[in-house]
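# A look at the structure
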Amino acid sequence: MKPKDQAGGEQRSFRVALLGTKFMGKAHSQAYRNVNMYFSDAPHVEQVVICGRSPDETEQAREAFGWQEASTDWEAVVARDDIDIVDISTPGHLHAEMALAAATAGKHVVCEKPLANTLDEARSMLAAVEAAGVRHLVMHNYRRVPAVALAKRMVEDGRLGRIYHFRARYLQDWALIPGLELVWRFDAKLAGSGALGDLGAHVIDLGRHLCGEISELAATSETFIKQRPVSPGSSDMADVTVDDAAALCVRFENGAIGTIEASRFAPGRKNHNTFEINGSGGSITFDLENLNNLRYYSVDDTPDAQGFHEIIACSLGKHPYADNWWFDGHLLGYEHSFTHTLYDWLKAVDSGEALRPDFADGVCNQEVLDAAERAARSRRWESVG
Ligand code: SOE
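How each quantity is defined
Residues numbered from 1 in each chain as written. Predicted model: local features only at pLDDT ≥ 70, side-chain atom pairs only at ≥ 80, totals over all residues. Heavy atoms only, no water. Helix = DSSP H or I, 4+ residues; strand = E, 2+ residues; numbered from the N terminus. Buried < 20%, exposed > 50% of the residue type's maximum accessible area, 1.4 Å probe, protein only. Contact = heavy atoms within 4.5 Å. Areas by Shrake-Rupley, 256 points an atom, 1.4 Å probe, with all protein chains shown as cover. Lys, Arg positive; Asp, Glu negative; His and termini not counted. Charge placed at Lys NZ, Arg CZ, Asp CG, Glu CD. Salt bridge = Lys/Arg side-chain N within 4 Å of Asp/Glu carboxyl O. Near = heavy atom within 4 Å. Polar contact = N/O pair within 3.5 Å; in protein donor to acceptor, adjacent residues only side chain to side chain. Nonpolar A, V, L, I, M, F, W, Y, C, P; charged D, E, K, R; others polar. Expected span 1.5 Å × (residues − 1). Bend = angle between axes of the 7 residues up to and from the residue. Pairing = 2+ DSSP bridges. Axes fitted to C-alpha atoms, helices over the stretch in contact; angles between N-to-C directions.

In this section: the overall build of the protein. Along its length, the protein carries 10 helices and 17 strands. Dimensions of the protein, computed from the C-alpha atoms along their principal axes, are close to 60 × 60 × 40 Å. Considering the protein as a whole, with its 385 residues, one finds that 54% of them fall into the buried category. Nonlocal contacts in the protein, meaning residues at least 24 apart in sequence, comprise 68% of its contacts between residues at least 6 apart. A total of about 16600 Å² of accessible surface is found on the protein, and carbon and sulfur atoms cover 50% of it. Side chains of the protein give 39 positive and 55 negative charges; the mean places of these two sets differ by 2 Å.

Attention now moves to the pattern of salt bridges. When charged atoms on two side chains of opposite charge get close, those side chains can pair. Applying the stated criterion across every chain, the model contains 28 salt bridges. Because the salt bridges share partners, they merge into one network encompassing R143, D205, R208, E213, R356 and D361.

What follows covers the site of the ligand. Taken together, F23, K113, Y142, Y170, Q172, W174, R185, D198, H202, N271 and Y334 make up the full set of residues near the ligand. The separation between an oxygen atom of the ligand and a polar side-chain atom of K113 is 3.1 Å. Between H202 and the ligand, the recorded distance is 2.7 Å, taken from a side-chain N or O atom to an oxygen atom. Relative to its unbound accessible surface of 300 Å², the ligand loses 91% to contact with the protein. Among the residues forming the shell around the ligand, the class breakdown is five nonpolar, three polar and three charged.

Before going further, it helps to examine helix α9 (residues 336-351). The first and last C-alpha atoms of α9 sit 23 Å apart over 16 residues, in line with the 22 Å expected at 1.5 Å per residue. Where burial is concerned, most of α9 is hidden: 13 out of the 16 residues are buried. One or two steps after α9, the chain reaches G352, where phi turns positive at roughly 85°.

Inspection of the secondary structure assignment puts S283 in strand β14 (residues 282-287). By relative accessible area, which is 12% here, S283 ends up buried. Here N278 takes part through its side chain, which lies 3.0 Å from a polar atom of the side chain of S283. Leaving out residues up to four positions away in the same chain, S283 has contacts with L160, I277, N278, R295, Y296, Y297 and F308.

Attention now goes to helix α8 (residues 195-211). The sharpest bend along α8 reaches about 40° and sits at A201. Burial analysis of α8 places 17 of its 17 residues in the buried class, the great majority of the element. G212 sits one or two residues past α8 and shows a positive phi near 105°.

This brings us to the sheet that holds strand β4 (residues 85-88). In space, the six strands of this open sheet follow the order β3-β2-β1-β4-β5-β6, with parallel pairing throughout. In this open sheet, the two strands that pair with only one neighbour each are β3 (69-71) and β6 (136-138). This sheet shows a mean twist of 20° between the axes of neighbouring strands, independent of strand direction. The strands touched by helix α1 (residues 23-38) within the sheet are β1 (13-19), β2 (44-51), β4 and β5 (108-111), with β2 carrying the most contacts at an inclination of about 155°.

So this is what it looks like as structure tokens:
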């Protein structure tokens, strides 16, 4: 039974094919399963088919994640007439091929971040979806963590005044697991880059989203562990061909300046995506490892009460998306940001309204990643775009 829209007409329904069964396949599946339960005005979603590489793993994912069918032939699935949306949740080396096929088949496309492994690929993907006239989304889910959406609201309504700084770090430590083998994220042919593209893409997108376009940058990067076992416990070693960490110094078009770091070598930092914005009106700080909270300092507070206030950004009637979940103080998690993103996007596809981050944002993010790689090689300031 499809939900009724406000006019009493039948809300549109979208039939989805998901390409990918691992971490992001699971995160996206969770969002498709929940979006209609928690957002009653969302267009109806039908989880038609999930695609993976191995028949057994894909069948297990189908059953566990709630899909009707399982397939190992993504090209046949993308071409099916009974599919409206293709969701690409695979490693980066497959993004371009899959997105071009989906666009050619007239499907709306969701793609995990970063959009592609190279700037040329990203630009070809944008050209393909625009030529096909289909809708497109890059799954920069952190834009729709309620505390981040509140930060965006506070910047836009002028509470921070003129922005001086964006200071961000995305730190993890899984690459320090002793004896960790050469997983795909350490192979440039599959991942494009290392921490820079995987983690840096998120904070670059947030910087652009919250503070505007980046005009130029300086960067450095390092690969701390040069070789890893080809498989668990193997004595055969192979080269790591991506960065383990990167650090950028950036200038924004609006005159703000900032720093962006991405590392997988920060012991104790599990998913530490954090930013601070300083402006003439005050400052805000966010930390994904404490994702319901936003800390806010206002220059307008009375002098004896000035300090960083801790806002729990999931209160009914006050904060983005909060009304669709629980009573105040019951908090949300990492997975809710995927549901929020799909909710906004499905409504935009249904209504025809624009929504970001789309593939054009993906290209802008890729231009910053490309400039960072050039700057790390040249050891000079590089222009973006
Ligand atoms: C890296 O391990 C990773 O899975 C990223 O690829 C995701 O985008 C991020 O949300 C969590 O960490």
